Protein chains: 2
Amino acid sequence: MKRIRKTAGLYFLLATALCVAQDQDDYKPSRVNQHGKAFPKVSSGGSVRAQLLAPEALSVKLDIGGEKYEMIKDSAGVWTGESAPQDAGFHYYQLNIDGASVPDPGTKYYYGAGRWGSGIEIPAPDNKIFALRKVPHGTVVENLYFSQITQQWRRNFIYLPPGYRTSEERYPVLYLQHGSYEDETGWSSQGHANLILDNLIADTEAKPMIVVMDNGYAYAPENSKEGRPDSVFEEVMLKEVIPSIDKEYRTLADREHRAISGLSMGANQTMRILMNNLDTFSYYGGFSGTSNYPSTDLIDVNTFLNGAFSDGKALNEQLNLFWLGLGTKEPDPFPESVGEFKKMLERQGISYTFYESPETAHEWHTWRRCLHQFAQKLFK
Amino acid sequence: MKRIRKTAGLYFLLATALCVAQDQDDYKPSRVNQHGKAFPKVSSGGSVRAQLLAPEALSVKLDIGGEKYEMIKDSAGVWTGESAPQDAGFHYYQLNIDGASVPDPGTKYYYGAGRWGSGIEIPAPDNKIFALRKVPHGTVVENLYFSQITQQWRRNFIYLPPGYRTSEERYPVLYLQHGSYEDETGWSSQGHANLILDNLIADTEAKPMIVVMDNGYAYAPENSKEGRPDSVFEEVMLKEVIPSIDKEYRTLADREHRAISGLSMGANQTMRILMNNLDTFSYYGGFSGTSNYPSTDLIDVNTFLNGAFSDGKALNEQLNLFWLGLGTKEPDPFPESVGEFKKMLERQGISYTFYESPETAHEWHTWRRCLHQFAQKLFK
């Protein structure tokens, strides 16, 4: 009801003005605002209210969720406007000032949608899964490494669980990947993987584990300038990342203590890596994605991933966990594509776990919940 | 010559258009641009060229170094403009679109000037001090902790030198603080403290050391909502940060292996902490600041910091290093204020080292150089 479309007429503008007056106490600053910034705000219904001082602008719009919402200028040159209700969770967005798309100066900045830009958080009923609680906390390590395979500097982030530094213990490792147009920063920033694990470990719902978050984009030097070159990410992961993690950190360095998972593009990538390397991993988590993406066709198990799923009985013996998750509001082709994948698993008699995230789409809150669920099943 | 002032007339606009044509091959994308972004660019002379698509805007300005430079629109709605030459090093800046001050969507974002916003890097002749070289690299650890003193969650970043994880060695510790309107992210982001140390350690010019970068803003809970309450940062540092670092990391936990330093506000804070805690630290570095700031008056050694500098002979015996640094282009009151401080040291016969950073102002390149110089003198 508070949505203002570009085509809105006087009626909608008036209605909005009334809504602004009625709902103003319900809007609260987004939790990912810059320190001390009152805007953007979020209502209990999930609408976003943005505000910007732009005295000479002719038009300012709030660009979120694939829609642009006109904002309205007051006599002081301050523009204010609201979006339609957004799904619970984290969203990338921007402002548009007289045709220029720019970050909102009120928010912190996140990498997603192929850019560093504004984020906003619509509170979800289960935000406590990543709350900063008074429990022991792990640390997140920023690690630079030169890849001989790509001939480039790369970076990963490594979560070390609470107690890592004061014990002699060795830990299992989860390799956790981002999606397309995202990077290695996502999981420990907007994904809150560290806080999700801290809370689960404090509540003894997950085993203490190391989590490695690398960058899924990796190309051989000779291909790196071409359009869409073959990825060498699997090779980087197997030959460079895992050996280096096992050398530098106190890991349990065997397949029984190694999991691999990812979201969207990362789910697709890590499933391929899993199936090519069953001697290396025994747990898999695919969040909002499977390797038949974007196809919604029936899967021919003899040809799909070179027949990797053809022997269901052998896979059931080899895999400790094959886990899939999906939001109930995900757009095409995800429901059908993942659906076809599940049917293939069933035809093959392959055991798997399927989790549905209520009322979330192809976005970070789905993936936070997936990690929260998946991590509880690991290394047990 | 390429500066376009707000008051510029037709002559200047034409002159600029010519310069754009002549110099265009000399402008290169800033090294802190977002991946794949061609703008902003920097010329060999240090001018910044910004560009923004804003078809309906009436006015777009580049706001850098305390000046706003008008940009010019082409027929496609793309605005382009250049600044006057800027000092070598890292600068915060923003764009102004019809009165709205916003980050430039072409850059990565940094915390400084009290906000997350755009940064630009004007290459300096000695940028190699923080180059990402093929040498062993340390890691930077993000560490959350709940402060009983402030009753708030706080964060620090901890640099662990190359080899830390694969040795049993214990290391000396440098506590390194940011300046005003900055935070704990600055030193390992735009400051490149990790790369500066990696390079010095690789060249055996500095001892391997741990570096702890905390947040200098800390207030008791009862004061936290007031205007400018008394800082409890010293108490947080001494009672919470240092004991925790000595517990969690393999430190050499004595004054002979502990240094404290900071930039600007951080130099002032850490000097006070040093003089109150000579049993805890034996090395000090003050980058662009001293505790008499902002005074340029002669220092009365009997009253200044409660007479902490009155016994020069004792201080010379206690301190392993008292180090000060300043850029040659720093604005008032820094040269005079630090100058008066040095005169006091000389009157007291206190040994100190003074470093001048050529052609840099009260900005990050001065502080990178200070760290580069200072770190070479530590723990030897």
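As the structure is a computational prediction, the values presented were derived from the model and not from experiment.

Remarks on helix 2 (residues 193-202) of chain A
- Across the ten residues that make up helix 2 of chain A, a large majority, nine, are buried.
- Lining the buried residues of helix 2 of chain A we find strand 12 (139-147), strand 13 (152-160), strand 14 (173-177), strand 15 (210-213) and helix 7 (364-376) of chain A together with strand 12 (139-147) of chain B.
- Thr204(A), located one to two residues past helix 2 of chain A, shows a positive phi value of around 50°.

Digging into the pairing of strand 10 (residues 109-112) of chain A
Residues and elements named next belong to chain A.
- Both faces of strand 10 are covered, namely the face carrying Tyr109 and Tyr111 and the face carrying Tyr110 and Gly112.
- Two elements, strand 10 and strand 11 (residues 115-122), share four bridges in a ladder whose sense is antiparallel. Bridge pairing links Tyr109 to Ser118 in strand 11.
- Joining the antiparallel neighbours strand 10 and strand 11 is a turn of two residues, in which Ala113 adopts a positive phi near 55°.

Some remarks on the domain arrangement of chain A
Residues and elements named next belong to chain A.
- For chain A, the domain assignment lists domain 1 (10-123) and domain 2 (128-376).
- Taking only C-alpha atoms into account, the centre of domain 1 sits 33 Å from that of domain 2.
- Contacts between the two partners involve 14 residues from domain 1, matched on the other side by 16 residues from domain 2.
- Summing both sides of the interface, domain 1 and domain 2 together bury roughly 1,200 Å²; the carbon and sulfur share of this comes to 48%.
- Between domain 1 and domain 2 we count two salt bridges in total.
- Where domain 1 packs against domain 2, one counts nine residue pairs in polar contact (both at pLDDT 80 or more).
- Ranked by residue count, the leading element in the side of domain 1 that touches domain 2 is strand 8 (residues 89-97), at four residues.
- Its residues assigned to classes, the side of domain 1 that touches domain 2 shows seven nonpolar, four polar and three charged.

A few points about the interface of chain B and chain A
- On the chain A side, the residues contacting the 42 residues of chain B number 42 residues.
- Counting the surface lost from both chain B and chain A, the interface buries some 3,600 Å², and carbon and sulfur atoms represent 62% of this.
- Applying the counting criterion to the chain B and chain A interface returns zero salt bridges.
- Where chain B touches chain A, the interface holds ten residue pairs in polar contact (both at pLDDT 80 or more).
- At the level of elements, strand 3 (48-53), strand 9 (100-102), strand 11 (115-122), strand 12, strand 13 (152-160) and helix 3 (233-248) of chain B are the ones that each hand at least two residues to the side of chain B that touches chain A.

Calculation rules
- Residues numbered from 1 in each chain as written.
- Chains lettered and ligands numbered in written order.
- Predicted model: local features only at pLDDT ≥ 70, side-chain atom pairs only at ≥ 80, totals over all residues.
- Heavy atoms only, no water.
- Buried < 20%, exposed > 50% of the residue type's maximum accessible area, 1.4 Å probe, protein only.
- Helix = DSSP H or I, 4+ residues; strand = E, 2+ residues; numbered from the N terminus.
- Contact = heavy atoms within 4.5 Å.
- Pairing = 2+ DSSP bridges.
- Domains from an automatic or database assignment.
- Buried area = accessible area lost by both parts, 1.4 Å probe.
- Salt bridge = Lys/Arg side-chain N within 4 Å of Asp/Glu carboxyl O.
- Polar contact = N/O pair within 3.5 Å; in protein donor to acceptor, adjacent residues only side chain to side chain.
- Nonpolar A, V, L, I, M, F, W, Y, C, P; charged D, E, K, R; others polar.

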